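# Architecture at a glance
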Amino acid sequence: MDRRSFIKLSSLAGASVAVSTGLAGCTVSTSANSQPQTNATFTHGVASGDPLKDAVIIWTRAVPTANLGSGSGSKSGLAKADILWEMASDADFANVISSGIVEAKAIHDFTVKVDVAGLRPARRYYYRFKSANNTSPVGETRTLPEVEVSNVTFGIFSCSNYPAGFFTPYMEAAKDDNIDYVLHLGDYIYEYDGEGYATEHAKEIGRTYAPDNDTELYTLTDYRNRYALYRTDEGLLSLHQNKPFIVVWDDHEITNDTYKDGAENHQADEGDFYARRAAAVQAYYEWLPIRPPFGTERLEIYRQFTFGKLLDLYMLDTRVLARDKQLEYANYRDAETNAFDQARFMKDIGNPNRGLLGETQRNWLHSSMQQSQAKWQVLGQQLLIGRMLFPVSIFNGVERKAIPAHVNKLANIKRKQMQGGALSEQELALINTVMPYNLDAWDGYPVEREQVLMQLKSIGKPVIALAGDTHNAWHNKLTLKDGTEVGVELATPGVTSPGMEHYLSMGDEKAKTLADDLPLLIEDLQYCNLHQRGFMTLTVSQDSAKATWHYVDAILTKAGKVVNTHSYEINA
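Cut-offs applied
- Residues numbered from 1 in each chain as written.
- Predicted model: local features only at pLDDT ≥ 70, side-chain atom pairs only at ≥ 80, totals over all residues.
- Heavy atoms only, no water.
- Helix = DSSP H or I, 4+ residues; strand = E, 2+ residues; numbered from the N terminus.
- Rg over C-alpha atoms; globule rule 2.2 N^0.38 Å.
- Contact = heavy atoms within 4.5 Å.
- Lys, Arg positive; Asp, Glu negative; His and termini not counted.
- Charge placed at Lys NZ, Arg CZ, Asp CG, Glu CD.
- Core = buried A, V, L, I, M, F, W, Y, C linked by side-chain atoms within 4.5 Å.
- Buried < 20%, exposed > 50% of the residue type's maximum accessible area, 1.4 Å probe, protein only.
- Salt bridge = Lys/Arg side-chain N within 4 Å of Asp/Glu carboxyl O.
- Pairing = 2+ DSSP bridges.
- Axes fitted to C-alpha atoms, helices over the stretch in contact; angles between N-to-C directions.
- Expected span 1.5 Å × (residues − 1).
- Phe/Tyr/Trp six-rings, centres within 6.5 Å; stacked < 30°, edge-to-face > 60°.
- Lys NZ or Arg CZ within 6 Å of the ring centre and 35° of its normal.
- pLDDT = per-residue confidence, 0-100.
- 1 Å grid on protein atoms, 1.4 Å probe; cavity = no way out; pocket = protein on both sides within 12 Å on 5 of 7 lines; lining within 4 Å.
- Points joined across faces, edges and corners; volume = space filled by probe spheres on them.
- Nonpolar A, V, L, I, M, F, W, Y, C, P; charged D, E, K, R; others polar.

What the protein contains, in helices and strands, is 13 helices and 25 strands. Its C-alpha radius of gyration of 24 Å places the protein within 12% of the 25 Å reference for a compact globule of 572 residues. Seen along its three principal axes, the alpha-carbon backbone of the protein occupies a region of about 80 × 55 × 50 Å. The contacts of the protein with a sequence gap of at least 6 include a subset with a gap of at least 24, amounting to 73%. Considering the protein, the positive charge centre built from 56 side chains and the negative charge centre built from 71 side chains are found 3 Å apart.

Encoded structure:
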């Protein structure tokens, strides 16, 4: 059996593709006076992540001096570098509490990850790395609380597209001392080439790809080089240096609209999908400060973080591990008459075997929530769970640029009804006949969504679901089919990826009008912002949780800053 057949067979059998990263290397405890023996340069700053009450991952990339300029994956130069790491309780490193030697290896793109254990709960720590001739920047991190904690604040991000603009939201969050931990909900990189999606301004602002990374990503070297480029952005460097990250992937870390055995943006002539996925996953584990919960040879990334008795955070994978292929409306339309096969569509979308999480992950989530001793239950995942049901007439021949005006017409009909006005049968049909607008989200998997929402209801605790993916800000009620409310959904805007204002060719004022109109037409939608990039913070205390959306005024210049916010408070 050849390698390609083995990879494909393994995936079809439910096994994970082996990526064999072994990222922690050979770490040996040592005294603070030990000296590394290799000349090396720290090319991409430092980072930390996956904090626990007594441990945290620290990360850097240390390229031997002899290898600089030879490119990622080069076989020339040294195969490894010995690097000293130090963890201290103070920024001056007067009190180094732990240290060791770790190998930065060419087979892992010279990335280094150390799982520093034996730390104390709810403490701030400082770390750095040393080669024989260089010292890395000093990173700051913190552990999780063990029992009592009055509040915790997360900075929440998704969808950072390098050619679309500077990562202003990262830079603004790095300055915010109130943020304790960063949650990144996916699309940390994009796999597209340099001429496609969101590249309109790339040349004028100097955000183009290098010639050796200007194509769509397929190989391990491709993915590594893209991460290396992203990690030159000053905002991302600063945020990684100052805050511990808790991350999960979405689709673009692999390729657009990925599912368990394929992707929309992977064609037969682009090689083996499973080999591409394995390369993408390996690069992700190499470049992100994550502790793979099942090991680096497994695709499972879902895991739990406990913040004392205040909250449990469950990071979920709705994309790579178990997702069934997305449905597409176009596949249910007759090629000649354009008639929609409603019966077949309803049968397929109601298939009880279709899902995003899969039974194993879904059962793990339910069991973990049932055993949780924390008050709040928080889901960190990629996709909108809320029922985003748009009036059907929007999809029936309305030109894209005309959609905002059409929605405004429908919203005015709804306003008329709310003010006691009588509606005609035609008007009632226009606002009451609805359909999901995004079958890639949880709307395309309603059976499993109902199962998960029933589980959330059964635990009897306040639930907050976090989402990314759409590039826009949303606040939804999470309800069962019978209307019972079981939680709140909060979605963060994209860091730079263009949102609905781009897709619908809207200026700011038209986008604001549309954002005012949609909550009138979509029953569970409470708020949205459709035209600004930014991030979200969530501060959780015993009695309440406060979500704040932070919007920046510019991403095409490094001078951008937060200019407006919107907040919402959730009572326990």
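What follows concerns the nonpolar core. Counting 77 residues, the largest nonpolar core has Phe307, Leu311, Leu466 and Leu490 as the members making the most contacts within it. Ranked by residues supplied to this core, first place goes to helix α6 (residues 273-287) with nine residues. With residues up to four places along the chain from it excluded, the contact list for Phe307 reads Leu144, Pro145, Val149, Val152, Phe154, Tyr181, Ile246 and Leu313.

Our next topic: the pattern of salt bridges. One pass over the full model with this rule turns up 32 salt bridges. Salt-bridge contacts for Glu146 lead to Lys53; the nearest nitrogen and oxygen are separated by 3.6 Å. Taken together, the residues span a long stretch of sequence, with Glu146 in the loop between β8 (139-142) and β9 (151-157) and Lys53 in the loop between β2 (40-49) and β3 (56-64) at a distance of 93 residues. By relative accessible area, Lys53 is classed as partly exposed at 39%.

This brings us to the sheet that holds strand β21 (residues 485-491). Taken together, seven strands build an open sheet; the order of strands is β14-β15-β16-β19-β21-β20-β22 and the sheet is mixed. Edge positions in the sheet fall to β14 (303-307) and β22 (525-529), since each has one partner strand and no second. On average, adjacent strands in this sheet sit at an angle of 20° to one another, irrespective of strand direction. For β14 and strand β15 (residues 311-315), the ladder comprises five bridges, and the chain directions are antiparallel. Paired with Arg303 across the two strands is Met315, which belongs to β15. In the packing of helix α8 (residues 359-371) onto the sheet, the strands contacted are β14, β15 and β16 (376-380), and the crossing angle to β15 comes to about 175°.

On to helix α11 (residues 446-459). The terminal C-alpha atoms of α11, which comprises 14 residues, lie 20 Å apart, in line with the 20 Å expected from a rise of 1.5 Å per residue. Within α11 the residues assigned to the buried category are Glu448, Arg449, Glu450, Val452, Leu453, Gln455, Leu456 and Ile459. Those residues of α11 that are buried are in contact with α8, β16, β19 (463-467), β20 (473-479) and β21. Of the residues flanking the end of α11, it is Gly460, one or two places downstream, whose phi is positive at about 65°.

We note that Cys159 has phi near 65°; this positive angle belongs to a residue other than glycine. On the secondary structure map, Cys159 appears in the loop between β9 and α2 (168-174). Look at Cys159 and you get buried, because its relative accessible area is 0%. With phi around 70°, Asn338 is a residue other than glycine that occupies positive phi space. Structurally, the position occupied by Asn338 is in the loop between β15 and α7 (342-349).

Here β8 shows a buried face lined by Gly139 and Thr141 and a second buried face lined by Glu140 and Arg142. Two elements, strand β7 (residues 124-130) and β8, share four bridges in a ladder whose sense is antiparallel. Residue pairing for β8: Tyr126 is matched across the bridge by Glu140.

This part takes up the packing of aromatic side chains. Inspection of the entire model under this criterion finds 31 aromatic pairs. Taking the centre distance of 5.5 Å and the plane angle of 55° together, the rings of Phe340 and Phe345 count as tilted. Its relative accessible area of 27% is what places Phe340 among the partly exposed residues. Overall, Phe345 belongs to the buried group, its relative accessible area being 5%. Ring-pair connections join several aromatic residues into one group, and the members of that group are Phe157, Tyr162, Phe167, Tyr170, Tyr209, Tyr230 and Phe535. Above the plane of the ring of Tyr209 lies Arg226, whose end atom (NZ or CZ) is 3.7 Å from the centre.

Another point: helix α13 (residues 508-521). Over its 14 residues, α13 runs 20 Å from end to end, which matches the ideal 20 Å to within 8%, given 1.5 Å per residue. Of all the positions in α13, only Ala511, Leu514, Ala515, Asp517, Leu518 and Leu521 are classed as buried. Buried positions along α13 lie against β17 (389-391), α9 (403-418), α10 (425-432), β20, α12 (500-503) and β22.

Note on placement: Thr215 falls in the loop between α3 (202-205) and α4 (220-230). The spacing of Thr215 and Gly194 is 21 residues in sequence and 6.5 Å in space, taken between C-alpha atoms. When residues no more than four places from it in sequence are discounted, the contact partners of Thr215 are Glu191, Tyr192, Asp193 and Arg226.

Predicted confidence across the protein gives a mean pLDDT of 92, with 93% of residues reaching 70 or more. Every residue in residues 1-32 is under pLDDT 50, and counting partners more than four places away or in other chains gives 70 contacts.

Here the structure, examined in full by the defined rule, presents one cavity of 30 Å³ or more. Here the largest cavity is characterised by a volume of approximately 30 Å³. As for the largest cavity, its lining consists of Leu384, Gly386, Met388, Tyr437, Asn438, Ala441, Asp443 and Thr470. The class makeup of the residues in the lining of the largest cavity is four nonpolar, three polar and one charged.

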